[in-house]
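Inside the fold
Residue strings, one per chain:
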Amino acid sequence: DSVLLNTSIKDAASSCILGPAAGGRSGFPSRTWCAIATTLNYKDILSPEQYRVAREGATEAPFTGKYCTFFEKGDYLCICCGIPLFSSDAKFDTGGGWPDFKESITDGLIKYVDDFRNGIKQIEVKCNNCDAHLGHVFDDGPPPNFKRY
């Protein structure tokens, strides 16, 4: 569910957070990251599928996302606000059809919400900055934390 930033989002942003990206992550350049104002219409900057997933909490069909088989070095940014959330260093392939990460870049970037939409309890993962749906976290990932985002 995680995707890299569409550059038009930064252009549309009207309020900014100044400071080191990713909570001062070592080796991560200090930049200005813009947060999307609450008045921004996400439908104007996201494709219908991106909006359905990021703003309505839907799940994209497996093996359809462009980052499922993308393994180049870099950081994965929130598609709605541009905050770096996951690193390619934490990405792994389960063959399940979605991008998988063992951890976020740093604590506090994502939040966890109980999700009962499918009739069972799952833990939804959201961007802590703009509330975008990022997917779910599971306890079947690699050691040492055994998490799969």
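Throughout this document, residue positions are counted from 1 along each chain, in the order its sequence is written. Confidence filtering applies because this is a predicted model: local features only for residues at pLDDT of at least 70, side-chain atom pairs given and counted only at 80 or more, and all residues used for totals across whole chains, interfaces and linings. Remark: hydrogens and water are excluded; side-chain values derive from all non-hydrogen atoms of the structure.

**Regarding the overall build of the protein**
Secondary structure summary: the protein contains two helices and nine strands in total. Each helix corresponds to a stretch of at least 4 residues labelled H or I by DSSP, and each strand to a stretch of at least 2 residues labelled E; elements are numbered beginning at the N terminus. Along the protein, helices and strands appear, N-terminal first, in the series α-β-β-α-β-β-β-β-β-β-β. In what follows, a contact means two residues having at least one pair of non-hydrogen atoms within 4.5 Å. If you take every contact in the protein between residues at least 6 apart in sequence, the share linking residues at least 24 apart comes to 47%.

**Side note on the environment of I123**
Its location among the elements puts I123 in strand 8 (residues 122–127). For the pair formed by I123 and V113, sequence separation is 10 residues and the distance between their alpha carbons is 5.6 Å. Excluding residues that lie within four positions of it along the chain, I123 makes contacts with Y112, V113, D114, G135, H136 and V137.

**Digging into the side chain of E124**
Note on placement: E124 falls in strand 8. Only protein chains enter the accessibility calculation, which uses a 1.4 Å probe; a residue whose area is less than 20% of its type maximum is buried, one above 50% is exposed, and one in between is partly exposed. On the accessibility criterion, E124 (6% relative accessible area) is buried. Within the local environment of E124, its side chain forms a polar contact with the side chain of H133, the two groups lying 2.6 Å apart. Ignoring any residue separated from it by four or fewer positions in sequence, one finds E124 in contact with K111, Y112, V113, D115, R117, H133, G135 and H136. Any pair of N or O atoms that falls within 3.5 Å is considered a polar contact. Within protein, one atom must be able to donate a hydrogen and the other to accept it, and sequence-neighbouring residues count only if both atoms are side-chain atoms.

**Here's the deal with the nonpolar core**
As used here, the term nonpolar core means buried Ala, Val, Leu, Ile, Met, Phe, Trp, Tyr and Cys residues forming a set that is joined through side-chain atoms within 4.5 Å. Ranked by internal contacts, the top residues of the largest apolar core, which has 25 residues, are C78, C80, L85, F86, C127 and C130. The set of elements that each furnish at least two residues to this core consists of helix 2 (48–54), strand 4 (84–87), strand 8 and strand 9 (133–137).

**Here we look at the environment of F70**
Within the element layout of this structure, F70 appears in the loop between helix 2 and strand 3 (75–77). By relative accessible area, which is 25% here, F70 ends up partly exposed. Residues F70 and K91, spaced 21 residues apart in sequence, show a C-alpha to C-alpha distance of 9.6 Å.

**Focus on unusual backbone geometry**
Residue P144 follows P143 across a cis peptide bond; omega there is 5°. Looking at the secondary structure, you find P144 in the segment after strand 9. With phi around 75°, D131 is a residue other than glycine that occupies positive phi space. Here D131 shows up in the loop between strand 8 and strand 9.

**What to know about the pattern of salt bridges**
Take a side-chain nitrogen of Lys or Arg and a carboxyl oxygen of Asp or Glu: if they are within 4 Å of each other, that pair is a salt bridge. Counted under the stated rule, the structure contains 10 salt bridges. Two residues, R148 and D100, come together in a salt bridge whose shortest N-O distance is 3.8 Å. Separated by 48 residues along the polypeptide, R148 in the segment after strand 9 and D100 in strand 6 (residues 100–101) bring together distant segments of the chain. By the burial criterion, R148 is buried, and D100 matches it. For the salt bridge of R117 with E124, the shortest nitrogen-to-oxygen distance reads 3.2 Å. A network of salt bridges, in which partner residues are shared, links D100, D140 and R148.

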